[in-house]
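Listed below are the residues making up each chain.
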Amino acid sequence: MGERPVLVVDDDADIREAIQDALEQEGHAVELAADGQEALDVLETGVTPCLILLDWNMAPMNAEDFMEAFSKHRLSGQVPVVLVTADARANEKMSHGFAGILKKPMKLEALYEVVRRYGGKE
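Residues numbered from 1 in each chain as written. Predicted model: local features only at pLDDT ≥ 70, side-chain atom pairs only at ≥ 80, totals over all residues. Heavy atoms only, no water.

Trainee: Summarise the pattern of salt bridges; cite the residues concerned and give the values.
Mentor: Throughout the structure, instances matching the rule amount to 5 salt bridges. The partner of D55 in a salt bridge is K104, and the shortest N-O contact between them spans 3.0 Å. One end of the pair, D55, is in strand β3 (residues 51-55); the other, K104, is in the loop between β5 (100-103) and α4 (108-118), and 49 residues separate them in sequence. Judged by relative accessible area, which is 5%, D55 ranks as buried. Among the salt bridges present, the one from E109 reaches R116, with a minimum N-O distance of 2.6 Å. (Salt bridge = Lys/Arg side-chain N within 4 Å of Asp/Glu carboxyl O. Helix = DSSP H or I, 4+ residues; strand = E, 2+ residues; numbered from the N terminus. Buried < 20%, exposed > 50% of the residue type's maximum accessible area, 1.4 Å probe, protein only.)

Below, the structure is given as structure tokens:
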């Protein structure tokens, strides 16, 4: 297929799988990671996602720590990272370099719009 995948990073397996199912039903390729370190490991395998959907509150590596490490990665600046969070103060986190925010619980249309805007299929 050759399409660059969306990398979904969330420590909640149910959320990861729900996002994966929704995106795959729309024809998108998806890679999964359970935390920031696992996401960096996925990137080191040579995967170049079109977009990273990143949960804020994860262990052992949360979104803030991921963004710090990712800022030094070869793909930094080439792959947009969208924060996925239920935090009411999400806008305060934009200084970490996120391209956008998806609020939980997320509506499917909001998810699809973010993927269309930042790197999915036209």
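Back to the write-up after that little detour.
Trainee: Before we move on, could you go through the nonpolar core and cite the residues and values that matter?
Mentor: By size, the foremost hydrophobic cluster in this structure holds 22 residues, and its most contacted members are I52, L54 and F66. Secondary-structure elements contributing two or more residues to this core are β1 (6-9), α2 (36-44), β3, α3 (63-70) and β4 (81-85). (Core = buried A, V, L, I, M, F, W, Y, C linked by side-chain atoms within 4.5 Å.)

Trainee: Report on the packing of α2 against α3, specifying residues and quantitative values.
Mentor: Interhelical geometry of α2 versus α3 gives an angle of 30° and a closest axis separation of 9 Å. With respect to α3, the axis of α2 lies roughly parallel. Contacts between α2 and α3 involve G36, A39, L40 and L43 on the former and, on the latter, F66, A69 and F70. When its residues are assigned to classes, the contact of α2 with α3 shows 6 nonpolar, 1 polar and no charged. (Axes fitted to C-alpha atoms, helices over the stretch in contact; angles between N-to-C directions. Parallel < 35°, antiparallel > 145°, perpendicular 65-115°, else oblique. Contact = heavy atoms within 4.5 Å. Nonpolar A, V, L, I, M, F, W, Y, C, P; charged D, E, K, R; others polar.)

Trainee: Break down a negative patch on the surface for me, with residues and values.
Mentor: Taken together, the side chains of D11, D12, D14, E17, D21 and E24 present a region of like negative charge at the surface. Examined against the element boundaries, E17 turns out to sit in helix α1 (residues 13-25). (Patch = residues over 30% accessible without salt bridge, like charges linked within 9 Å, V, L, I, M, F, W, Y side chains within 5 Å. Areas by Shrake-Rupley, 256 points an atom, 1.4 Å probe, with all protein chains shown as cover. Lys, Arg positive; Asp, Glu negative; His and termini not counted. Charge placed at Lys NZ, Arg CZ, Asp CG, Glu CD.)

Trainee: Break down the packing of α1 against α4 for me, citing the residues and quoting the values.
Mentor: It is the contact of α1 with α4, at a shortest axis distance of 11 Å, that shows an interaxial angle of 65°. Taken as axis vectors, α1 and α4 run roughly perpendicular relative to one another. Relative to α4, the crossing made by α1 is right-handed. Residues I19, A22 and L23 of α1 form the contact with α4, whose participating residues are L108, L111, Y112 and V115. Each residue belonging to the contact of α1 with α4 can be placed in one class, and the counts come to 7 nonpolar, no polar and no charged. (Left-handed = near helix turned anticlockwise from the far one by under 90°.)

Trainee: Go over the sheet that holds β4 with me, naming the residues and quoting the values.
Mentor: Taken together, the 5 strands give an open sheet; going across it, the order is β2-β1-β3-β4-β5, and neighbouring strands pair in parallel fashion. Among the strands making up the open sheet, the edge pair consists of β2 (30-33) and β5. Taken pair by pair, the neighbouring strands of this sheet meet at an average axis angle of 20°, ignoring direction. Two strands pair when backbone bridges link them, and β1 and β3 are joined in this way by 4 bridges, in the parallel orientation. Residue pairing across strands places V8 opposite L53, the latter belonging to β3. The strands that α3 touches are β3 and β4; relative to β3, the one it contacts most, it runs at about 145°. (Pairing = 2+ DSSP bridges.)

Trainee: How would you summarise the environment of R4 if you had to cite specific residues and measurements?
Mentor: One can find R4 in the segment before β1. Sequence-wise, R4 and H28 are 24 residues apart; in three dimensions their C-alpha atoms are separated by 8.4 Å. Setting aside residues no more than four positions away along its own chain, R4 makes contact with T48, P49, C50, Q78 and V79. Side-chain polar atoms of R4 contact the backbone oxygen of T48, separated by 3.2 Å. One polar contact links the side chain of R4 to the main-chain carbonyl oxygen of P49, over a distance of 2.6 Å. (Polar contact = N/O pair within 3.5 Å; in protein donor to acceptor, adjacent residues only side chain to side chain.)

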